[in-house]
Amino acid sequence: MMNEIFSMADGRTFSTGDVILEYSYLLAAILFVVGLKLQSHPNTARRGNFWAGAGMLLAIITTLFFHKDNDGNFIKLFNGIIIVGVILVGSVIGFLIARKVKMTAMPQLVSFFNATGGAASGLVALMESYNLQNRAILVTLLGMVIGSLTFSGSMIAYGKLDGKVGDIFSPVMKYVNIFLLLTITVLVIFIFYAGTSYQNRNVFILVLLGISLLYGVLFVMPIGGADMPVVISLLNSFSGIAAALAGFIYNNQAMILGGILVGAAGTILTVLMCKAMNRSLLNVIVGAFGGGGYGVSEKDIGTIKEISVSDASVLLSYTKKVVIIPGYGLAVAQAQHICSELDNLLTEKGVEVKYAIHPVAGRMPGHMNVLLAEADVPYEKLIEMDNINPEMPTVDVALIIGANDVVNPSALNDKSSPIYGMPIINAHEAKNIIVMKRGMGKGYAAIENYLFYDDKTKMLFGNAKDSLQKLVTEIKNL
Ligand code: NAP
């Protein structure tokens with residue numbers, strides 16, 4: 001049955017297996033797209049993951065059974081067993097890692113997964129670049145370069161985010177990187193034109209691999225800690241491009257499409273993050289942002305005023321409109337559930353409660369949305385920055401929970417500030433401001449925030465989860 005042959009008008013022939021394979025790839029591609037679409041809303045995101053995963057599983061199973069090499073041979077049983085074994089081991093490891101990892105360590109995890117994706121595509125391309133029958137040698141070499149630099153760059157990004165690798169910055173590195181990039185380009189062109197009969201070809205391929213790995217390291221090494229999420233997103237798009245290039249080598253539509261989707265999504269995310277931080281990608285790659293290098297500009301910064309839990313409870317309970325502005329500290333404290341409880345209590349008392357969501361609050365795009373969805377905060381209550389800002393002057397209390405940079409007015413009015421130009425949530429326009437944080441610690445950009453010294457601002461110091469718990473207890477007793 002599987003060998004039944006269909007002949008095309010142009011003389012090409014297909015077996016039933018070929019047809020099943022092609023249709024399964026088409027179905028997988030549709031599932032990838034449906035999955036991506038569903039992932040765009042927190043309520044459907046889990047289902048999106050499921051369908052995209054189902055698409056991938058379908059593509060893997062049909063490839064195992066129906067893929068044929070250039071000589072028309074199916075995958076050998078022994079090779080099939082190795083492939084299935086490796087997939088199972090990888091799946092178990094991935095499952096265990098993902099289960100253990102905390103939300104705040106998600107960027108590290110994504111970085112690690114990017115590294116494995118880059119390594120897989122890079123290795124495929126390396127093996128195929130030795131294959132003298134390979135007719136897509138240029139694509140293969142590009143796949144090897146992008147895959148290997150994605151691997152080494154992502155491993156460095158992982159190390160930096162996890163505090164295992166420090167920033168190493170020297171102005172010379174920029175020139176070294178340009179030199180390496182030019183060398184890579186020259187080597188690719190040379191290997192391509194030298195052809196398969198050139199006897200030192202394999203040596204040059206290995207040199208190209210080594211330089212690409214080195215480039216990945218040196219490209220990520222000097223980038224400031226605050227810019228790491230943007231770089232991770234960029235490397236994510238590289239890993240997709242590397243997978244798509246590997247798909248071209250085998251003329252495999254599922255790999256090409258899956259890779260292009262990852263590449264495109266990563267690129268869009270990178271652009272969105274740069275826009276939300278008001279920085280160009282070039283500025284991210286060559287400029288250092290944050291990391292403590294900036295001083296506080298000289299001006300009268302006023303004084304810090306604290307508020308007690310009981311005063312804060314009264315202020316929040318007997319008011320009309322409260323806007324909660326969550327930030328990285330809420331995620332660190334894992335205070336989303338108790339925050340939702342406070343929201344419910346206030347809502348029961350007739351207070352209108354909304355959440356102001358900054359696009360780069362936290363440490364990854366959508367961080368706050370995911371966190372609050374986890375605590376069952378209705379999605380309708382999460383208002384995007386551009387929509388909440390016009391409302392801010394009418395807000396009675398802006399309750400800032402573990403946010404700092406995303407409410408820093410220096411971004412609007414201090415040209416010397418490294419975050420100048422970044423859009424912020426206009427908490428300073430609210431009638432009253434309560435800031436919940438542990439002390440006077442700085443935010444990601446490592447700069448002072450004059451909002452904390454504003455006449456309208458009161459600080460409620462302490463771990464966000466503890467302070468929220470105290471507020472909830474106090475309000476229940478009011
Ligand atoms: P942030 O500026 O990093 O500030 C977080 C604040 O939370 C700190 O000032 C800290 O002050 C406080 N905090 C930490 N642990 C806490 C705890 N357990 N309880 C209470 N407070 C705690 O956070 P953000 O306002 O969310 O801004 C995000 C930053 O990340 C921006 O600079 C953004 O550009 C950058 N970034 C984000 C993304 C992204 O995709 N989301 C990407 C790239 C860059 P204390 O130490 O005093 O408690």
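Let us look at the structure shown here. What you are looking at is a predicted structure, and each value in this text was computed from that prediction instead of being measured.

As for the overall build of the chain
Part 1 of the reasoning: Across its full length, the chain holds 17 helices and eight strands.
Part 2 of the reasoning: Residues classed as buried in the chain amount to 45% of the 478 residues present.
Part 3 of the reasoning: Long-range contacts, defined here as pairs at least 24 residues apart, represent 74% of the contacts in the chain between residues at least 6 apart.
Part 4 of the reasoning: Each charge class in the chain was averaged separately, 34 positive and 33 negative side chains, and the resulting centres sit 2 Å apart.

Notes on the site of the ligand
Part 1 of the reasoning: Residues in contact with the ligand amount to 31 residues; listed here are only the nearest, G362, N404, D405, R438 and N463.
Part 2 of the reasoning: Between V360 and the ligand, the recorded distance is 3.0 Å, taken from a backbone N or O atom to a nitrogen atom.
Part 3 of the reasoning: Within the backbone of G439, a nitrogen or oxygen atom sits 2.9 Å from an oxygen atom of the ligand.
Part 4 of the reasoning: Out of a free accessible area of 920 Å², the ligand has 96% covered by protein chains.
Part 5 of the reasoning: The element contributing the most residues to the shell around the ligand is helix α12 (residues 328-333), with four residues.
Part 6 of the reasoning: The residue inventory of the shell around the ligand, partitioned by class, reads 16 nonpolar, 10 polar and five charged.

Comments concerning the packing of aromatic side chains
Part 1 of the reasoning: With the rule as written, the count across this model stands at nine aromatic pairs.
Part 2 of the reasoning: Consider the rings of F112 and F113, whose centres lie 6.4 Å apart with planes at 45°: the pair is tilted.
Part 3 of the reasoning: F112 sits in the partly exposed class, given a relative accessible area of 26%.
Part 4 of the reasoning: Among the aromatic residues, ring-to-ring pairing joins F112, F113 and Y158 into one connected group.

With respect to a nonpolar patch on the surface
Part 1 of the reasoning: Residues Y23, L26, L27, I30, V34, F50 and W51 make up a contiguous nonpolar surface patch of about 710 Å² in total accessible area.
Part 2 of the reasoning: Relative to the assigned elements, Y23 resides in helix α1 (residues 16-38).
Part 3 of the reasoning: Residue Y23 is classed as exposed on the basis of its relative accessible area, which comes to 57%.

Some points on the nonpolar core
The nonpolar side chains of soluble globular proteins are, as a tendency, buried together.
Part 1 of the reasoning: Ranked by size, the top nonpolar core spans 67 residues in total, and within it I325, L399, I400, I401, I434 and L468 carry the most contacts.
Part 2 of the reasoning: One finds L126, I156, I232 and A276 within the second-largest nonpolar core, a separate group that totals 38 residues.

Re the pattern of salt bridges
Side chains that differ in charge, positive against negative, can pair when their charged atoms come close.
Part 1 of the reasoning: Inspection of every chain in the model, using the stated rule, returns eight salt bridges.
Part 2 of the reasoning: In this structure, E341 engages K476 in a salt bridge whose closest nitrogen and oxygen atoms are separated by 3.2 Å. One end of the pair, E341, is in helix α13 (residues 336-348); the other, K476, is in helix α17 (residues 464-476), and 135 residues separate them in sequence.
Part 3 of the reasoning: What makes E341 partly exposed here is its relative accessible area of 32%.
Part 4 of the reasoning: As a salt-bridge pair, K381 and D343 come within 2.6 Å of each other at their nearest N and O atoms. With K381 in the loop between α14 (367-374) and β5 (382-384) and D343 in helix α13, the pair connects residues that are 38 residues apart, well separated along the chain.
Part 5 of the reasoning: For K381, a relative accessible area of 17% corresponds to the buried category.
Part 6 of the reasoning: Residue D343 is classed as buried on the basis of its relative accessible area of 1%.
Part 7 of the reasoning: Counted as one network, the salt bridges with shared partners bring together K321, E352, K354 and E391.

Some thoughts on the sheet that holds β5
Part 1 of the reasoning: Taken in spatial order, the six strands of this open sheet run β5-β4-β3-β6-β7-β8, and their pairing is parallel. Only two strands of the sheet have a single partner each, and these edge strands are β5 and β8 (457-461). Each adjacent strand pair in this sheet contributes to an overall mean axis angle of 25°, direction not counted.
Part 2 of the reasoning: Lying over the sheet, α14 contacts β3 (321-326), β4 (352-357) and β5, oriented at roughly 145° with respect to β4.

Parameters at a glance
Residues numbered from 1 in each chain as written. Predicted model: local features only at pLDDT ≥ 70, side-chain atom pairs only at ≥ 80, totals over all residues. Heavy atoms only, no water. Helix = DSSP H or I, 4+ residues; strand = E, 2+ residues; numbered from the N terminus. Buried < 20%, exposed > 50% of the residue type's maximum accessible area, 1.4 Å probe, protein only. Contact = heavy atoms within 4.5 Å. Lys, Arg positive; Asp, Glu negative; His and termini not counted. Charge placed at Lys NZ, Arg CZ, Asp CG, Glu CD. Near = heavy atom within 4 Å. Polar contact = N/O pair within 3.5 Å; in protein donor to acceptor, adjacent residues only side chain to side chain. Areas by Shrake-Rupley, 256 points an atom, 1.4 Å probe, with all protein chains shown as cover. Nonpolar A, V, L, I, M, F, W, Y, C, P; charged D, E, K, R; others polar. Phe/Tyr/Trp six-rings, centres within 6.5 Å; stacked < 30°, edge-to-face > 60°. Patch = residues over 30% accessible without salt bridge, like charges linked within 9 Å, V, L, I, M, F, W, Y side chains within 5 Å. Salt bridge = Lys/Arg side-chain N within 4 Å of Asp/Glu carboxyl O. Core = buried A, V, L, I, M, F, W, Y, C linked by side-chain atoms within 4.5 Å. Pairing = 2+ DSSP bridges. Axes fitted to C-alpha atoms, helices over the stretch in contact; angles between N-to-C directions.

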